[in-house]
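Working through the structure, step by step
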Amino acid sequence: MIPIYRTVAELRAAARVWRAAGEVIGVVPTMGALHDGHLSLARRARAECDRVITTIFVNPMQFNNPEDLKKYPRTEAADAALLATVPVDAIFAPQPDEVYPEGFGSVVSVSGVSEPLEGKMRPGHFDGVATVVTKLFGMTLADRGYFGQKDWQQLQVVQKLARDLNLAVQVIGCETVREADGLAMSSRNLRLTVEGRAKAPVLYAAISAAALEIRAGHTDRMAIREAAETMREAGFERVEYIELRDAETLMPSDDPARPRRMLAAAWLDGVRLIDNIPV
Ligand code: PAF
């Protein structure tokens, strides 16, 4: 049985023993509803660290819509069973008042990289992410933190906060895990209807085709317009954005000498899907 810690004091007691023995602690922060994407992070941490902690915490501070927070799936027993297959050494699953006790009043805000794209569409979201990730790193005494590239902008925000605040944590970005048809794994995929699920891979296919065209010398505007068109024709209700950005700063980039990333967000079946790929 993997121990499930509910309080910072219990978690710290275990982490301190590991630290004192010189063991490297890897942390996989999650909000639960685990799928193979999360498990691949935990497996990588297992392979690279002496001890692995998975955190399961639906962080109220990163939700700008209270309905979304209420509806977020909470599946702790199933999550624990999946983590036992890795296995991890500990699960940290606190209640909100353990993370945000009365009187809590600090915010970690990462300027620049957290402002465009998801930051614009979901005001306050990245302050919530940056604050909780900073707290989780501190609570777990993490040496390494594992994050999926599926949330590319989040990964850049966490990398920057670790650099800016001199945290002694190495932030590791792991490849997006995809279904056989290319759809990036996400707990949101379960909210799609059967018809929606059949159309969803068009998001990845469309941005992949656009990236190929740009690499072949077509203008990014044209390639992006075609990708958006393909998605709308496939039945996506709304394409929120498809953007070619500098992979690190997330600012607009037309410099092919710099690593660039195409990022997209679109609505299908009332579900907001995101994805990104290198260009
Ligand atoms: O990606 C997520 O699941 C969350 O944003 C994270 C990193 C666990 C912070 O709550």
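Just above, that's the structure.
What counts and what doesn't
Position numbers for residues start from 1 in each chain and track the written sequence from start to end. In keeping with the predicted nature of the model, local features appear solely for residues at pLDDT of at least 70, side-chain atom pairs appear and are counted solely at 80 or more, and the whole-chain, interface and lining totals rest on all residues. Working from all heavy atoms in the structure, the side-chain values ignore hydrogens and water. A strand pair is defined by DSSP finding two or more bridges across the two strands. Under the scheme used here, helices are H or I runs from DSSP no shorter than 4 residues and strands are E runs no shorter than 2 residues, and both carry numbers assigned from the N terminus. Any two residues having at least one pair of non-hydrogen atoms within 4.5 Å are treated as being in contact. In this analysis an axis means a line fitted to C-alpha atoms, helices contributing only their contacting stretch, and an angle means the value between N-to-C directions, from 0 to 180 degrees. Convention used here: angles under 35 degrees read as roughly parallel, angles over 145 as roughly antiparallel, angles from 65 to 115 as roughly perpendicular, and any remaining angle as oblique. By convention the crossing between two helices is left-handed if the near helix lies anticlockwise of the far one by an angle smaller than a right angle, and right-handed if it lies clockwise. When residue character is reported, Ala, Val, Leu, Ile, Met, Phe, Trp, Tyr, Cys and Pro are called nonpolar, Asp, Glu, Lys and Arg charged, and the others, Gly included, polar.

We now examine the sheet that holds strand β3 (residues 51–56). Strand order in the open sheet formed by six strands is β1-β4-β3-β2-β5-β6, and the pairing between neighbours is parallel. In this open sheet, the two edge strands, each paired with only one partner strand, are β1 (4–5) and β6 (170–174). Note: β1 against strand β4 (residues 90–92), two bridges, orientation parallel. When the sheet's bridge partners are listed, Ile4 is paired in β4 with Ile91. Of the strands in this sheet, β5 (144–148) and β6 touch helix α8 (residues 152–164), which is tilted by about 165° from β6.

All right, on to the environment of Ile91 then. Tracing the sequence through the fold places Ile91 in strand β4. Residues Ile91 and Leu190, spaced 99 residues apart in sequence, show a C-alpha to C-alpha distance of 24 Å. The contact partners of Ile91, leaving out residues within four places of it in the chain, are Ile2, Pro3, Ile4, Tyr5, Thr54, Ile56, Ala80 and Leu83.

With that out of the way, let us pick up the packing of helix α10 (residues 202–215) against helix α11 (residues 220–234). Two elements in contact, α10 and α11, have axes whose closest approach is 9 Å; the angle formed by their N-to-C orientations is 160°. In terms of their interaxial angle, α10 and α11 are classed as roughly antiparallel. By crossing handedness, the relation of α10 to α11 is classed as right-handed. Here α10 contributes Val202, Leu203, Ala206, Ala210, Glu213 and Ile214 to the contact with α11, which in turn contributes Asp220, Ala223, Glu226, Ala227, Thr230, Met231 and Ala234. For the contact of α10 with α11, the class distribution of residues is nine nonpolar, one polar and three charged.

What follows concerns the environment of His125. Here His125 lies in helix α7 (residues 125–140). The spacing of His125 and Phe63 is 62 residues in sequence and 6.2 Å in space, taken between C-alpha atoms.

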